[in-house]
Amino acid sequence: GLHNWLGSALMMTGDTRGAGEEFSEALRLDPELELAHLGLGALLSASGRYSEAADSFAMAVELQPNSVQARLGLTDALRALGRVEEALVQLERVVELDPSFVDVWMARAIVLIQLGRYREARDMLSQATLIHRDHPGLADLLIRILAAAPDDSVRDGVRALVLMQE
């Protein structure tokens, strides 16, 4: 655990080489130390090594399935690798674990839009705006989908206008 803490401290000071060495040593001593996998994943992701980062985050998720932080790290690495469907699975699980995390609802909607799943994005954002009534970003994204989705069955200009006026 001490190697992991030192790795985290070194990472915060910008010593990425030292941080990597400490995370690696922590994992050599305890391959099941979820926090060291998480730290190493963050370090690898920050250096653009997304495939290795995804592996580290996936191990952290395997060791601690309810870790929101590990799942978010995995999501970012997967998205960077173009593995958007897999990223969506992680975002859906994060929403289940912590529905109060507004940014995850936003990210989930954006991924659904990237996948061309506009109806799901609309329905999910409708739900999100009920849970997070005071978040303008969610309402704005819902309005944009209602006003401009390429899918005719999803567009609803009247509803978009009503939401915009609210």
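These numbers come from a predicted model, not from an experiment.

Draft legend 1. Structural view of the packing of helix H4 (residues 50-63) against helix H5 (residues 68-80). Where H4 contacts H5, the two axes come as close as 8 Å, and the packing angle between them is 155 degrees. For the element pair H4 / H5, the angle class is roughly antiparallel. Read as a crossing pair, H4 and H5 show a hand that is left-handed. On the side of H4, the interface is formed by Tyr50, Ala53, Ala54, Phe57, Ala58, Ala60 and Val61, while H5 contributes Ala70, Arg71, Gly73, Leu74, Ala77, Leu78 and Ala80. Of the residues contributing to the contact of H4 with H5, the split by class is 12 nonpolar, 1 polar and 1 charged.

Draft legend 2. Main features of the environment of Asp98. With respect to the element layout, Asp98 can be found in the loop between helix H6 (84-97) and helix H7 (102-114). By relative accessible area, which is 26% here, Asp98 ends up partly exposed. Distance from Asp98 to Glu22, taken between C-alpha atoms, is 31 Å for residues 76 residues apart in sequence.

Draft legend 3. Broad picture of the pattern of salt bridges. This model, assessed by the stated rule, comprises 10 salt bridges. For Glu85, the salt bridge identified is with Arg117, shortest N-O distance 3.3 Å. Here the residue Glu85 occupies a position in helix H6, and Arg117 occupies one in the loop between H7 and helix H8 (118-131), the gap between them amounting to 32 residues. By relative accessible area, Arg117 is classed as partly exposed at 24%. A salt bridge links Asp123 to Arg122; its shortest N-O distance comes to 2.9 Å. For Arg122, a relative accessible area of 14% gives the class buried. Here the salt bridges do not stand alone but share partners, grouping Glu85, Arg117 and Glu120 into one network.

Quick notes on the rules
Residues numbered from 1 in each chain as written. Predicted model: local features only at pLDDT ≥ 70, side-chain atom pairs only at ≥ 80, totals over all residues. Heavy atoms only, no water. Axes fitted to C-alpha atoms, helices over the stretch in contact; angles between N-to-C directions. Helix = DSSP H or I, 4+ residues; strand = E, 2+ residues; numbered from the N terminus. Parallel < 35°, antiparallel > 145°, perpendicular 65-115°, else oblique. Left-handed = near helix turned anticlockwise from the far one by under 90°. Contact = heavy atoms within 4.5 Å. Nonpolar A, V, L, I, M, F, W, Y, C, P; charged D, E, K, R; others polar. Buried < 20%, exposed > 50% of the residue type's maximum accessible area, 1.4 Å probe, protein only. Salt bridge = Lys/Arg side-chain N within 4 Å of Asp/Glu carboxyl O.

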